[in-house]
Amino acid sequence: MEQNNKYIRLAADLQTDSIVDGPGLRAVIWTQGCAHHCKGCQNPQTWDFNGGGLVPIEMVKDAIDELEYHTGLTFSGGDPMFQAEACNEIAEYARSKGLNIWVYTGFTFEELMKMSETNPIYLEFMKKIDVLVDGRFKLEERDLSLLFRGSRNQRLIDMKKTLSSGKVTLLNEYEYNETKYFERVPMYV
Ligand code: SF4
């Protein structure tokens, strides 16, 4: 998909008041387009890169301005990484408004770091993410007891710690509800 920081292709309007796509009260951006085609995907209607609708990023920012009482913004889909430039732009704006950022992607962190070697936008976007939920959904590893993810191979990666240490560091799930992830957080990038 062509990278663009003026428009984003979305599967739906900005969702508000979610409590299942990360901690706290969250808004969710449902991006359109995914090439992973995981068996058992719950949103196959979001695979088509020509589906959904093209929305000006300024309109998304206006919708973010309208949010009240929300602590975070989650990018899901589809796979937001196919529109990393647009998502990076929106994430920067959301962080400036005090929202923490969670991103669901079918790519692994290691794949994204490799992709960053030829296109730095992936790393730029990752620097603005608090938690990256990475990896394809694997039906054979599906587990309904997992926190905020669908299959056991997927990880909740603490991006600030991971990028500062250079070593993949997972979110401490037992402490997450006592941490910043329920709070509005300041920019760290
Ligand atoms: S990465 Fe997500 S949206 Fe894409 S096919 Fe897999 S489960 Fe579906």
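For the structure, check the block above.
The rules behind the values
- Residues numbered from 1 in each chain as written.
- Predicted model: local features only at pLDDT ≥ 70, side-chain atom pairs only at ≥ 80, totals over all residues.
- Heavy atoms only, no water.
- Near = heavy atom within 4 Å.
- 1 Å grid on protein atoms, 1.4 Å probe; cavity = no way out; pocket = protein on both sides within 12 Å on 5 of 7 lines; lining within 4 Å.
- Sits in = over half its atoms within 2 Å of the grid points.
- Nonpolar A, V, L, I, M, F, W, Y, C, P; charged D, E, K, R; others polar.
- Phe/Tyr/Trp six-rings, centres within 6.5 Å; stacked < 30°, edge-to-face > 60°.
- Helix = DSSP H or I, 4+ residues; strand = E, 2+ residues; numbered from the N terminus.
- Buried < 20%, exposed > 50% of the residue type's maximum accessible area, 1.4 Å probe, protein only.
- Points joined across faces, edges and corners; volume = space filled by probe spheres on them.
- Pairing = 2+ DSSP bridges.
- Axes fitted to C-alpha atoms, helices over the stretch in contact; angles between N-to-C directions.
- Contact = heavy atoms within 4.5 Å.

**Some thoughts on the site of the ligand**
Inference 1: Residues in close proximity to the ligand include Cys 34, His 36, His 37, Cys 38, Cys 41, Trp 47, Gly 78, Gly 106 and Phe 137, which together make up its full environment.
Inference 2: Of all the cavities here, the one that holds the ligand is the largest pocket.
Inference 3: Across the shell around the ligand, the residue classes tally to 5 nonpolar, 4 polar and no charged.

**Details of the packing of aromatic side chains**
Here the distance between the centres and the angle between the planes together describe a pair of aromatic rings.
Inference 1: According to the stated counting rule, one finds 4 aromatic pairs in the structure shown.
Inference 2: The interplanar angle of 80 degrees and the centroid separation of 5.2 Å between the aromatic rings of Phe 49 and Phe 82 together place this pair among those described as edge-to-face. Remark: Phe 82 occurs in the loop between strand E5 (72–76) and helix H2 (84–96) and Phe 49 occurs in the loop between strand E3 (26–30) and strand E4 (53–56); sequence separation between them is 33 residues.
Inference 3: Take Phe 49: its relative accessible area is 26%, and that puts it in the partly exposed class.
Inference 4: Note on Phe 82: relative accessible area 15%, which makes it buried.
Inference 5: A ring pair is formed by Phe 82 and Phe 107, whose centres lie 5.2 Å apart and whose planes are at 50 degrees; its orientation type is tilted. With Phe 82 in the loop between E5 and H2 and Phe 107 in the loop between strand E6 (100–104) and helix H3 (109–116), this pair connects stretches of sequence that are 25 residues apart. In terms of burial, Phe 82 and Phe 107 fall into one category: buried.
Inference 6: Grouped by ring-pair contacts, the aromatic residues Phe 49, Phe 82 and Phe 107 constitute a single cluster.

**With respect to the environment of Lys 128**
Inference 1: Structurally, Lys 128 can be placed in the loop between helix H4 (121–126) and strand E7 (131–134).
Inference 2: Assessed through its relative accessible area of 5%, Lys 128 is described here as buried.
Inference 3: A C-alpha to C-alpha distance of 9.6 Å links Lys 128 and Ala 94, two positions 34 residues apart in sequence.

**Focus: the layout of surface pockets**
Inference 1: In this model, the largest pocket occupies a volume close to 780 Å³.
Inference 2: Lining the largest pocket we find 33 residues, and of these Gln 42, Asn 43, Tyr 104, Gly 150 and Gln 154 sit closest to its centre.
Inference 3: Broken down by class, the residue content of the lining of the largest pocket amounts to 12 nonpolar, 14 polar and 7 charged.

**Quick look at the sheet that holds E5**
Inference 1: The sheet built from 6 strands is open, its strands ordered E2-E3-E5-E6-E7-E8 with mixed pairing. Where the open sheet ends on each side, the last strands, each with one partner, are strand E2 (15–18) and strand E8 (155–158). Between one strand axis and the next, the sheet turns by 25 degrees as a mean value, whatever way the strands run.
Inference 2: Pairing of E2 with E3, which is carried by 2 bridges, proceeds in the antiparallel orientation. Bridge assignment links Ser 18 to a residue of E3, and that residue is Arg 26.
Inference 3: Sitting on the sheet, H2 touches E3, E5 and E6, and the angle it makes with E5 is about 170 degrees.

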